[in-house]
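Report on the structure
Take a look at the letters that make up each chain.
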Amino acid sequence: MQTDITRQRAYFADAPGDVSLGAIDAARMPAHVSIIMDGNGRWAQARGLDRSSGHVAGVDSLKETVTASVRLGIDVLSAYAFSTENWKRPQHEVDLLMHLFATTLIEELPLFHQENVRLRFFGDLTALPRETFEVFQRGLDETKDNTGMTFALAVNYGARAEIARAARIIAERVRDGKLAVDDITPELMPRCLYTHGLPDPDLLIRTSGELRLSNYLLWQLAYTELYVTDTLWPDFDRWDLLRAIHSYQGRSRRFGGVAAR
Ligand code: FPP
């Protein structure tokens, strides 16, 4: 994706000692970066605050990551905001998160327009509170003609539910005579997933040091490079993103084959 080099340099000026824009190869930028944003609760607890304060602080990290990704020319940024299992959290935390999603998206619509960002969602949105659902619909409508980076939020998302949903879609097509059993291939599956039309993530970042996938994009992550940082999500910033991309660019991706000579 095209980037404005002047704005990019300005955004990544004042680099800390260990990483800088100069260390990044613009020709080998990951097309799709996905993030499991984790550690909001621990960040808040370490400060003697309510867990909700961690989520509120996490909004700023997400905003910075969206802008940084646009400046770097990333095509798709996706982030895991709420899983199908997160309904098990205390009701007041669920309510806070749903409200935060809605208010943040409304507040940030001008940013999305200014940065030419198109919104997408992964997950079953029909189960969301009406306020959140309506704001998401509005976000989709109002950004659908933007042609820059796609920013996808996974909300009420679970990979197992997504794969089961794809199996149902396929079974219905077979039942209705629209699809032959032999047409069920690895190439067909992605067209039945929430992520249809998007490339698989090249790089998955997980914050807070946890070494698991937590039911996130299980199909799509088959050949994704993983990067785990101990940084808690509310502390994650543009430099952490650069560190992750720098690590990614040092990898040899073979997709099951052998390295090119
Ligand atoms: C995981 O931290 C974080 C979440 C479940 C919510 C992510 C939400 C945000 C970053 C808020 C902003 C998002 C939008 C879309 C406006 P955790 O609570 O599991 O942390 P812990 O493991 O330390 O308890």
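The numbering scheme is per chain: residues are counted from 1 as the chain's sequence reads. Reporting of local features is limited, given that this is a predicted model, to residues whose pLDDT is at least 70; pairs of side-chain atoms are given and counted only at 80 or more, and all residues count toward the totals for whole chains, interfaces and linings. The side-chain quantities take in all heavy atoms of the structure and omit both hydrogens and water.

Looking at an unreviewed UniProt entry, one finds the chain named Isoprenyl transferase, with Olsenella profusa F0195 as its source organism. UniProt positions are given in the numbering used here, feature names are shortened, and annotations may be inferred rather than shown by experiment. Regarding the chain, the relevant UniProt record gives this comment under Sequence similarities (unreviewed entry): "Belongs to the UPP synthase family." UniProt's Function (unreviewed entry) comment on the chain is quoted here verbatim: "Catalyzes the condensation of isopentenyl diphosphate (IPP) with allylic pyrophosphates generating different type of terpenoids."

Along the chain, E108 turns up in helix α4 (residues 91-114). Judged by relative accessible area, which is 11%, E108 ranks as buried. Whenever two N or O atoms come within 3.5 Å, that pair is a polar contact, provided that in protein one can donate a hydrogen and the other can accept it, and provided that, for residues adjacent in sequence, both atoms are side-chain atoms. A polar atom in the side chain of E108 sits 3.3 Å from the side chain of K63. Every helix listed is a DSSP run of H or I at least four residues long, and every strand listed is a run of E at least two residues long, numbered separately from the N terminus. Exposure classes here rest on a 1.4 Å probe applied to the protein chains alone. A residue is buried below 20% of its type maximum, exposed above 50%, and partly exposed in between.

Geometry of aromatic contacts follows a simple scheme: Phe, Tyr and Trp rings, the Trp one being its six-membered ring, pair when their centres are within 6.5 Å, and the pair is stacked under 30 degrees between planes, edge-to-face over 60, tilted otherwise. According to the stated counting rule, one finds 12 aromatic pairs in the structure shown. A ring pair is formed by F82 and F101, whose centres lie 6.4 Å apart and whose planes are at 80°; its orientation type is edge-to-face. A residue pair is termed long-range when its members are at least 10 positions apart, and F82 in strand β2 (residues 76-83) and F101 in helix α4 qualify at 19 residues. Each member of the pair, F82 as well as F101, is classed as buried. With a centroid separation of 5.9 Å and 80° between ring planes, the pair formed by Y157 and Y216 is classed as edge-to-face. One end of the pair, Y157, is in strand β4 (residues 150-157); the other, Y216, is in the loop between β5 (203-206) and β6 (225-228), and 59 residues separate them in sequence. Y216 carries the same exposure label as Y157, and that label is buried.

Phi angles above zero are rare outside glycine, and N116 is one such case at about 60°. For N116, the position within the fold is in the loop between α4 and β3 (118-122). In this structure, L217 is a non-glycine residue whose phi angle is positive, near 45°. Here L217 shows up in the loop between β5 and β6.

Turning our attention to the site of the ligand. Close to the ligand lie 18 residues; D38, G41, R42, R51 and R89 are nearest. Interatomic distance of 2.9 Å between a side-chain N/O atom of R51 and an oxygen atom of the ligand. Each accessible area is a Shrake-Rupley estimate made with a 1.4 Å probe; only the visible protein chains count as cover when residues are assessed. Considered on its own, the ligand offers 620 Å² of accessible surface; in the complex 91% of this is hidden by protein. Mapped by element, the contributors of at least two residues to the shell around the ligand are α2 (40-46), α3 (51-72) and α4. We call a residue near a molecule or strand whenever a single non-hydrogen atom of that residue lies within 4 Å of it.

UniProt records the feature "active site" (unreviewed entry) for D38 and N86 in the present numbering. A maximum C-alpha distance of 12.4 Å is found for the annotated residues, which run over 49 residues; spatially they form one tight group. Mapped onto the elements of the fold, D38 is located in the loop between β1 (32-36) and α2. Among the structural elements, N86 can be located in the loop between β2 and α4. Any two residues having at least one pair of non-hydrogen atoms within 4.5 Å are treated as being in contact. The residues contacting N86, other than those within four sequence positions of it, are A81 and V94. Polar contacts involving the side chain of N86 include one to the main-chain amide nitrogen of S83, which spans 2.8 Å.

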